[in-house]
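Analysis of the macromolecular model
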Amino acid sequence: MEVSLDNNVIVYLTKSFKACTGIENIDEAITLLEQNNWDLVAAINGVIPQENGILQSDYGGETIPGPAFDPSHPASVPAPSSSSAFRPVMPSRQIVERQPRMLDFRVEYRDRNVDVVLEDSCTVGEIKQILENELQIPVSKMLLKGWKTGDVEDSTVLKSLHLPKNNSLYVLTPDLPPPSSSSHAGALQESLNQNFMLIITHREVQREYNLNFSGSSTIQEVKRNVYDLTSIPVRHQLWEGWPTSATDDSMCLAESGLSYPCHRLTVGRRASPAQTREQSEEQSTDVHMVSDSDGDDFEDASEFGVDDGEVFGMTSSALRKSPMMPENAENEGDALLQFTAEFSSRYGDCHPVFFIGSLEAAFQEAFYVKARDRKLLAIYLHHDESVLTNVFCSQMLCAESIVSYLSQNFITWAWDLTKDANRARFLTMCNRHFGSVVAQTIRTQKTDQFPLFLIIMGKRSSNEVLNVIQGNTTVDELMMRLMAAMEIFTAQQQEDIKDEDEREARENVKREQDEAYRLSLEADRAKREAHEREMAEQFRLEQIRKEQEEEREAIRLSLEQALPPEPKEENAEPVSKLRIRTPSGEFLERRFLASNKLQIVFDFVASKGFPWDEFKLLSTFPRRDPFLHKAETDFSP
């Protein structure tokens, strides 16, 4: 219930409240008192924690409540004198700063409750930041509701809201879908983007392979890659370590239940029916056993999509009829188009983006651009007859990390050296661009050392081979060597950028000077032309003015000569003496015969430089033009 107070009462309550709480802002003090219906004790207890004590007896000791105050009787206001039985305890500013007021918030979001404790000097945005860490909800997607004053801004200070100690709020997220519809999909998507490290042990030879696969790779792809490493056909692979949920080879690794980031597996060769039969009966010779086993492999290989070459441990690339690159191709771009298409058909679409064009065009793309846009040139040299080619291409060159790093930092160009004609053609290009030493190095490489990866850096007027990477490497080693080359290139690139910037700065200064000089010349020419036009105009106007003055002077002289002689005062005829005041204040005087026409007066005034078509003759009193339309009349009434 609101009460009506006398102004003196309001002043007393406001001063007492400010003295007890230390609040200096009078508007804030009046607002807090109004919220507590002008109950002084309740307003003070709402600002200062009660454990500090608000009203105390003069005699110390026990804290007792203050006297009841009836707002309807102003006389009941206690006089602010020292004789009062109760006095307000003035809490010092140091106590207020040492013990700030704490606010408790219980925030509800769906099926969770979060307790937040903050000082009243904090802002609403700080509550949201705490909730962001607790609920994993971005602040921009969060609506914090439940404020008694309605919606508030993030920058609002809690103290300005005059909140009680305990508060209940709730969070709304209208822009976020319900968790039931997105949590599983989000977790699966995150797993698909992760890379799994599979530590695979080959049981027969006791050798470990560390292979990286993306979460989107299938179990079938893993088994096919293991075949490339172990020569064990997929059908005869005996695995240990797969999770129980991995029941289908078409299942991707993210759904199979593998341990992240590493998972251990063991693979061995499954005994063929012929081997089992030979072990049980012991009737066949070793030759028969091998023959039966190989024959069994051969008979069933086509059912599982395995090439005949896989049965005999041969690389599938050696049995492919379609070459990577045509022999004696006239156009290098066409040859590289076929190389890219064949590479994709063999190893999938996830591979480096090969530059389509000649080696000279690749140089232009990588080296002969601005220093900031330059890249390293990676030359991949393929050889189908090498035993390392299939593993290098499928495991190293097509690894997502290698593909991503090459696409960002390198221009990748490829060539196939399987055919002698293509090999000789590349050695000629190599000798022309890199010199005989590099060409001889490639020429002496054995087939089993292929494929090769050349890292080329353009250095001013020459091309430098930073590294030659052979096929017998791992993904980690390949990445390290690429990064090492990138570090060398980055250092050189920074120097080139600095030199290029300095050169461009000099050229910019020269261009600015040339432009300033050109503009100065144009300004001077424009100024000169304007001055010439102005002088010509002034001359023309001066000529016109002179002509007009001469014309007026001629008219004046003619009028002056045409005037009749001035009559004398002692004349037999009546004489009128006229006194005419000019605009400059001077006076013109002359005697005229009464029989003279008014036109003679006009001519007299015009002869003095005041033509009648520019000036009027007016009588002084009354002020009028008595000569209007009377130029042909005389002076007689």
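Okay, so let's go over this structure. What you see is a predicted model; the values in this text were computed from it and never measured. (Residues numbered from 1 in each chain as written. Predicted model: local features only at pLDDT ≥ 70, side-chain atom pairs only at ≥ 80, totals over all residues. Heavy atoms only, no water.)

**What about the overall build of the chain?**
Worth spelling out the cut-off: Numbering goes from the N terminus for both helices and strands, where a helix is a DSSP run of H or I of at least four residues and a strand is a run of E of at least two. Think of it in three bands: residues with accessible area under 20% of the maximum for their type are buried, residues over 50% are exposed, and the middle band is partly exposed, with areas taken using a 1.4 Å probe on protein chains only. Two residues qualify as a contact provided that any one of their heavy atoms is within 4.5 Å of a heavy atom in the partner residue. Only the protein chains shown count as cover for residues, and all accessible areas are computed by the Shrake-Rupley method using a 1.4 Å probe.
Helix and strand content of the chain: 19 helices and 16 strands. The 637 residues of the chain split such that 36% are buried. Taking the intrachain contacts of the chain between residues at least 6 apart in sequence as the baseline, contacts between residues at least 24 apart amount to 61%. Accessible area of the chain: about 38300 Å², with a carbon and sulfur share of 50%.

**Describing the nonpolar core**
Side chains that are nonpolar tend, in soluble globular proteins, to be buried together. How we decide: Put simply, a nonpolar core is a bunch of buried Ala, Val, Leu, Ile, Met, Phe, Trp, Tyr and Cys residues held in one set by side-chain atoms that sit within 4.5 Å of each other.
Counting residues in each nonpolar core, the largest one holds 60 residues, and the members touching the most others are Leu 377, Trp 413 and Phe 426. At seven residues, helix 18 (residues 475–562) tops the list of elements feeding residues into this core. In contact with Phe 426, other than residues within four places in its own chain, are Ile 379, Leu 381, Trp 413, Trp 415, Leu 417, Ile 442 and Leu 454. Core analysis: the second largest hydrophobic core is formed by 21 residues, Val 116, Val 124, Ile 127 and Leu 169 among them.

**Looking at the sheet that holds strand 4 (residues 112–119)**
Threshold: Strands are labelled as partners when DSSP assigns at least two bridges between them. Every axis in this analysis is a line fitted to C-alpha atoms, fitted for helices over the stretch in contact. Angles between the N-to-C directions lie between 0 and 180 degrees.
Spatially, 4-3-6-5 is the arrangement adopted by the four strands of the open sheet, whose pairing is mixed. Among the strands making up the open sheet, the edge pair consists of strand 4 and strand 5 (143–145). Along the sheet, successive strands turn relative to each other by an average axial angle of 30 degrees, direction set aside. Both strand 5 and strand 6 (residues 166–172) contribute to a ladder of three bridges, which runs antiparallel. Along strand 6, the bridge assignment pairs Leu 144 with Val 171. Set on the sheet, helix 5 (residues 124–135) makes contact with strand 3 (102–109), strand 4, strand 5 and strand 6; between it and strand 4 the angle comes to about 140 degrees.

**Concerning the packing of aromatic side chains**
Selection rule: The criterion for an aromatic pair is that two Phe, Tyr or Trp rings (for Trp, the six-membered ring) have centres within 6.5 Å, with stacked assigned to planes under 30 degrees apart, edge-to-face to planes over 60 apart and tilted to the rest. By definition here, charges over rings are those cases where NZ of Lys or CZ of Arg is within 6 Å of the ring centre and within 35 degrees of the ring normal.
This model, assessed by the stated rule, comprises 16 aromatic pairs. Residue placement shows Arg 590 over the ring face of Phe 592; its charged tip is 4.9 Å from the ring centre.

**Structural notes on the pairing of strand 16 (residues 587–593)**
Summarising burial for strand 16: five of the seven residues are buried, a large majority. Pairing geometry for strand 15 (residues 575–581) and strand 16, over seven bridges, is antiparallel. Among the inter-strand pairings, Arg 581 is bridged to a residue of strand 16, identified as Phe 587. Hairpin geometry of strand 15 and strand 16 is characterised by an intervening segment of five residues between the two adjacent antiparallel strands and by a positive phi of about 100 degrees at Gly 585.

**Notes on the packing of helix 15 (residues 400–409) against helix 18**
The criterion, for reference: In these notes the angle categories are as follows: under 35 degrees is roughly parallel, over 145 is roughly antiparallel, 65 to 115 is roughly perpendicular, and the rest is oblique. In this scheme the crossing of two helices becomes right-handed for a clockwise turn of the near helix relative to the far one and left-handed for an anticlockwise turn of less than a right angle. Ten residue types, Ala, Val, Leu, Ile, Met, Phe, Trp, Tyr, Cys and Pro, are classed as nonpolar, four, Asp, Glu, Lys and Arg, as charged, and the remainder, Gly among them, as polar.
Interhelical geometry of helix 15 versus helix 18 gives an angle of 15 degrees and a closest axis separation of 10 Å. Between helix 15 and helix 18, the angle is such that the two are roughly parallel. Of the two elements, helix 15 crosses helix 18, and the hand of that crossing is left-handed. Only Val 475, Leu 478, Met 479, Leu 482, Met 483 and Met 486 of helix 18 make contact with helix 15, whose side of the interface consists of Ser 401, Ile 402, Tyr 405, Leu 406 and Asn 409. For the contact of helix 15 with helix 18, the per-class residue count stands at nine nonpolar, two polar and no charged.

**Examining helix 13 (residues 359–366)**
Just so we agree on the cut-off: The arc in question is formed by the directions pointing from the helix axis toward the C-beta atoms.
Residues Leu 359, Ala 362, Phe 363 and Ala 366 constitute the buried set of helix 13. Angular distribution of buried residues about the axis of helix 13 spans 105 degrees; they occupy a single face of the element. Looking at the buried positions of helix 13, the neighbouring elements they touch are helix 12 (332–347), strand 11 (376–382), strand 12 (410–416), helix 16 (420–434) and strand 14 (462–470).

**Structural notes on the sheet that holds strand 7 (residues 195–202)**
Across the sheet, four strands lie side by side as 8-7-10-9; this open sheet has mixed pairing. For this open sheet the edge positions go to strand 8 (207–214) and strand 9 (237–240), each flanked by a neighbour on one side alone. With strand direction ignored, the average angle separating the axes of adjacent strands in the sheet is 30 degrees. Alignment of strand 7 against strand 10 (residues 262–269), held across six bridges, turns out to be parallel. Opposite Met 197, over in strand 10, you have Cys 262 as the bridge partner. On the sheet, helix 7 (residues 219–230) packs against strand 7, strand 8, strand 9 and strand 10 and is oriented at approximately 145 degrees with respect to strand 8.

**Considerations on a nonpolar patch on the surface**
Quick note on the threshold: Like charges within 9 Å and nonpolar side chains (Val, Leu, Ile, Met, Phe, Trp, Tyr) within 5 Å are joined into patches, using only residues over 30% in relative accessible area that form no salt bridge. Salt-bridge detection follows one rule: a side-chain nitrogen of Lys or Arg within 4 Å of a carboxyl oxygen of Asp or Glu.
The grouping of Leu 143, Tyr 170 and Leu 172 at the surface amounts to a nonpolar patch, some 250 Å² of accessible area in total. By the element assignment, Leu 172 lies in strand 6.

**Remarks on the pairing of strand 13 (residues 452–459)**
Of all eight residues in strand 13, seven are buried, a share of seventy percent or more. Here strand 11 runs beside strand 13; their pairing, made up of five bridges, is antiparallel. When the sheet's bridge partners are listed, Leu 377 is paired in strand 13 with Ile 456. When strand 13 meets strand 14, the two strands line up antiparallel, connected through eight bridges. Bridged to Ile 455 within strand 14 is Asn 467.

**Focus: helix 5**
For clarity, the threshold we go by: Expected helix span is given by 1.5 Å per residue-to-residue step, counting one fewer step than there are residues.
With twelve residues, helix 5 extends 16 Å between its outermost C-alpha atoms, agreeing within 8% with the 16 Å of an ideal straight helix rising 1.5 Å per residue. Summarising the contacts, the buried residues of helix 5 are in contact with strand 3, strand 4, strand 5 and strand 6. Where helix 5 ends, the next residue or the one after it, Gln 136, has phi of about 60 degrees, a positive value.

**Here we look at the pattern of salt bridges**
Taken as a whole and judged by the stated rule, the model has 25 salt bridges. A salt bridge links Asp 154 to Lys 128; its shortest N-O distance comes to 2.9 Å. Of this pair, Asp 154 sits in the loop between strand 5 and strand 6 while Lys 128 sits in helix 5, placing them 26 residues apart in sequence. Here Arg 545 makes a salt bridge to Glu 549, at a shortest N to O gap of 2.5 Å. You can see Arg 545 and its partner Glu 549 sitting in helix 18, four residues apart, about one turn around the helix. Judged by its relative accessible area of 35%, Arg 545 falls in the partly exposed class. Overlapping salt bridges, with partners in common, bring together Glu 342, Arg 346 and Asp 384 in one network.

**A look at unusual backbone geometry**
A cis amide bond links Phe 450 to the next residue, Pro 451, at an omega of 0 degrees. Tracing the backbone through its elements, the reader meets Pro 451 in the loop between helix 17 (436–443) and strand 13. The phi dihedral of His 162 is positive, around 55 degrees, even though this residue is not glycine. Mapped onto the fold, His 162 is located in the loop between strand 5 and strand 6. His 162 gets classed as partly exposed once you look at its relative accessible area, which sits at 23%.

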